[in-house]
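# Structural description and commentary
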Amino acid sequence: MALPMRSVITGSGIALPQHLVTNDRLARIMDTSDEWIRTRSGIEQRYFAGPGLGSAELGSMAAEAAIRDAGLKPEDIDVVIFATMTPDHVLPGNGPLLQKRIGLRNVPTFDIRQQCSGFLYGLDLGDSLIKSGKFERVLLVGAETHSGFMPWDQGWRVVLGLSDDEPDEAEKSWNTQSRDRTVLFGDAAGAVVVERREQGAAGLLRTRLYSDGGVADALTMRGASFKQRPFVTKEQIAAGETIPVMNGREVFKTAVTLMPQAVRDVCADEGVTIEELDLVLVHQANLRIIEGVQKQLGLPAGKVPHNIERYGNTTAATLPLLFHECRQNGLAGPGALIAFTALGSGLHWGAALYRM
Ligand code: UT7
């Protein structure tokens, strides 16, 4: 029997900004500690972009690496999908900025915003675009510069290692107000090239995507809204409302329930068992969530790799970054059966099943 046409990842690439920031550095500008951050989240360090470096540029670097890895040139790409919740501008999106930066033809670009699930949604969209017959080569990018959310003032110089003079108590106290979120995120980019292959067992097998706007408040940014006039006020900036808010416990509980279920769903759809999975690549928001998903699925720890300790939560960049590392270190070798899963603001969540 002839095998169906498949969407195959033929190249991957990543990019990191230059500033490696340890937990101890953050502890110099707010009331937090390496011990709290490690114990509660598993994070040991993250990378931050300095001013002037945005997610479009970071995403472009990852995209160029992925295109090279696929043995292609920018002019070979037919369509771009750019997933980010931290674009350079509200408008235009990062797609055309990347297109100009890396010298793509005038191909269409889609900007998507499913936050931590951006890569999963992008993979599904790319697969649909390929299977529609309209496109053969999709560039899918996930990139974030969360550092733009950080409300620090003098603290930035300390965080970036430009000064050892800690901020005054007033700033430390202000920085502490958002510590439950600011210590969790990092900046990064990951990209993959997805190509149509007429035959072969490798490729995307199944996806399951879900959204639930009923819990949109669990992880949202209240300030900067086109519902109000003007779209951001001085009072909102002063109240810290331009920093996302999160009901951490609620999101945590939801994540450890819905991600394993989504993985079970895609496996059932494909008629494979959980035991047959070689790898489960889980969105890296918290090491305790990743371990929770692993235990719920009854898998050994080695099948659920993590890199959150080195990067923090990098939202849409997380899954392509982890996937790239697993290709590099041989965990995602030829024939490996991989489930991707993510959950984040929206809520959006889901899973994808992929054969290397
Ligand atoms: O990618 C999007 C999806 N996001 C997630 O999946 C995140 C899900 N949630 C989580 O990962 C966890 O809920 C957090 C890591 C955000 C928080 O962990 P937690 O164990 O739920 O802590 P908590 O929010 O209950 O806070 C415990 C204590 C509080 O102090 P009190 O009230 O017990 O005195 C916080 O004020 O820890 C305090 N705290 C901190 N202390 C030191 C909060 N943030 C910090 C901090 N440093 N950075």
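One structure accompanies this document, and this report is about it. This structure is a prediction, so every number in the text was calculated from the model and none was measured. (Residues numbered from 1 in each chain as written. Predicted model: local features only at pLDDT ≥ 70, side-chain atom pairs only at ≥ 80, totals over all residues. Heavy atoms only, no water.)

Turning to the overall build of the chain, a few remarks are in order. In terms of helices and strands, the chain carries 13 helices and 13 strands. A compact globule built from 356 residues should have a C-alpha radius of gyration of about 21 Å, and the chain, at 20 Å, falls within 12% of that. Viewed in the frame of its principal axes, the chain has a C-alpha envelope of about 70 × 45 × 40 Å. Taking all contacts inside the chain whose residues are at least 6 apart in sequence as the whole, residues at least 24 apart take part in 78%. When the accessible surface of the chain is totalled, it reaches about 15300 Å², and 50% of it is carbon and sulfur. Side-chain charges in the chain split into 36 positive and 42 negative, and the spacing between the mean points of these groups amounts to 3 Å. (Helix = DSSP H or I, 4+ residues; strand = E, 2+ residues; numbered from the N terminus. Rg over C-alpha atoms; globule rule 2.2 N^0.38 Å. Contact = heavy atoms within 4.5 Å. Areas by Shrake-Rupley, 256 points an atom, 1.4 Å probe, with all protein chains shown as cover. Lys, Arg positive; Asp, Glu negative; His and termini not counted. Charge placed at Lys NZ, Arg CZ, Asp CG, Glu CD.)

This part is about the packing of helix 3 (residues 55–69) against helix 4 (residues 94–102). At a minimum axis distance of 9 Å, the contact between helix 3 and helix 4 shows a crossing angle of 55 degrees. One element, helix 3, and the other, helix 4, form an angle in the oblique class. For helix 3 against helix 4, the interelement crossing comes out right-handed. Along its contact with helix 3, which presents Ser 55, Ala 56, Glu 57, Gly 59, Ser 60, Ala 63, Glu 64 and Ile 67, the element helix 4 presents Asn 94, Leu 97, Leu 98, Arg 101 and Ile 102. For the contact of helix 3 with helix 4, the class distribution of residues is 6 nonpolar, 4 polar and 3 charged. (Axes fitted to C-alpha atoms, helices over the stretch in contact; angles between N-to-C directions. Parallel < 35°, antiparallel > 145°, perpendicular 65-115°, else oblique. Left-handed = near helix turned anticlockwise from the far one by under 90°. Nonpolar A, V, L, I, M, F, W, Y, C, P; charged D, E, K, R; others polar.)

Right, let's get into helix 7 (residues 169–177). The periodicity of an α-helix, 3.6 residues per turn, causes residues three or four places apart in sequence to face the same way. Buried residues of helix 7: Glu 171, Lys 172, Asn 175 and Thr 176, and no others. Projected down its long axis, helix 7 shows its buried positions confined to an angular sector of 140 degrees, all on one face. In this structure, helix 7 carries Glu 169, Ala 170 and Gln 177 as exposed residues pointing more than 90 degrees from its buried face. Next to the buried residues of helix 7 lie helix 6 (155–159) and helix 8 (179–182). (Buried < 20%, exposed > 50% of the residue type's maximum accessible area, 1.4 Å probe, protein only. Arc of directions from axis to C-beta.)

Within a regular strand, the side chains alternate between the two sheet faces. With 8 of 8 residues buried, strand 12 (residues 337–344) lies mostly within the body of the structure. Every second residue of strand 12 is oriented toward a common face, with Leu 337, Ala 339, Thr 341 and Leu 343 on one face and Ile 338, Phe 340, Ala 342 and Gly 344 on the other, all of them buried. Of the strand pairs in this sheet, strand 12 and strand 13 (residues 348–355) are connected by 8 bridges, and their pairing is antiparallel. Residue pairing for strand 13: Ala 342 is matched across the bridge by Gly 350. Counted between consecutive antiparallel strands, the loop separating strand 12 from strand 13 contains 3 residues, among which Gly 346 sits at a positive phi close to 150 degrees. (Pairing = 2+ DSSP bridges.)

What surrounds the ligand is a group of 21 residues, the closest being Thr 32, Arg 40, Arg 249, Asn 286 and Asn 313. In the environment of the ligand, a nitrogen atom lies 2.6 Å from a nitrogen or oxygen atom belonging to the side chain of Thr 32. Between the ligand and Trp 36 there is a distance of 3.0 Å, counted from an oxygen atom to a side-chain nitrogen or oxygen. Protein chains shield 74% of the accessible area of the ligand, which is 970 Å² for the free molecule. For the shell around the ligand, the elements supplying multiple residues, two or more each, are helix 2 (34–41), helix 8, helix 10 (248–270) and helix 11 (287–297). (Near = heavy atom within 4 Å. Polar contact = N/O pair within 3.5 Å; in protein donor to acceptor, adjacent residues only side chain to side chain.)

Right, let's get into the packing of aromatic side chains. For the coordinates displayed, the defined rule picks out 9 aromatic pairs. Ring plane angle 55 degrees and centroid distance 5.0 Å describe the contact between Trp 152 and Trp 156, whose orientation is recorded as tilted. Comparing Trp 152 with Trp 156 shows no difference in burial state: the two are buried. Their ring planes at 55 degrees and their centres at 5.6 Å tell us that Phe 323 and Phe 340 sit as a pair that is tilted. (Phe/Tyr/Trp six-rings, centres within 6.5 Å; stacked < 30°, edge-to-face > 60°.)

Our next topic: the sheet that holds strand 1 (residues 6–15). Hydrogen bonds along the backbone pair up the strands of a sheet, which may run parallel or antiparallel. Strands sit in the order 1-7-6-4-5 across an open sheet of 5 strands; the sheet is mixed. Sheet topology places strand 1 and strand 5 (109–112) at the edges, where each strand pairs with a single neighbour. Going across the sheet, the axis of each strand differs from the next one's by a mean of 20 degrees, ignoring polarity. Where strand 6 (residues 137–144) and strand 7 (residues 188–197) come together, 8 bridges link them in antiparallel fashion. Residue pairing for strand 7: Gly 142 is matched across the bridge by Gly 190.

Attention now goes to the nonpolar core. Among the nonpolar cores identified, the biggest contains 47 residues, and Phe 48, Trp 152, Val 159, Val 263, Leu 277, Val 280 and Leu 353 are the most heavily contacted of them. For this core, the secondary structure elements donating two or more residues are helix 6, helix 10, strand 11 (279–282), helix 11, strand 12 and strand 13. Ranked by residues supplied to this core, first place goes to helix 10 with 8 residues. Looking at this core, you find at least three residues from each of domain 1 (6–197) and domain 2 (203–355). The contacts of Val 159, once residues within four sequence positions are left out, are Val 21, Arg 25, Leu 26, Ile 29, Phe 48 and Trp 152. By size, the runner-up hydrophobic cluster in this structure holds 32 residues, among which are Leu 120, Leu 123, Leu 204 and Ile 338. (Core = buried A, V, L, I, M, F, W, Y, C linked by side-chain atoms within 4.5 Å. Domains from an automatic or database assignment.)

Geometric descriptors of this kind do not, in isolation, establish any biological role.
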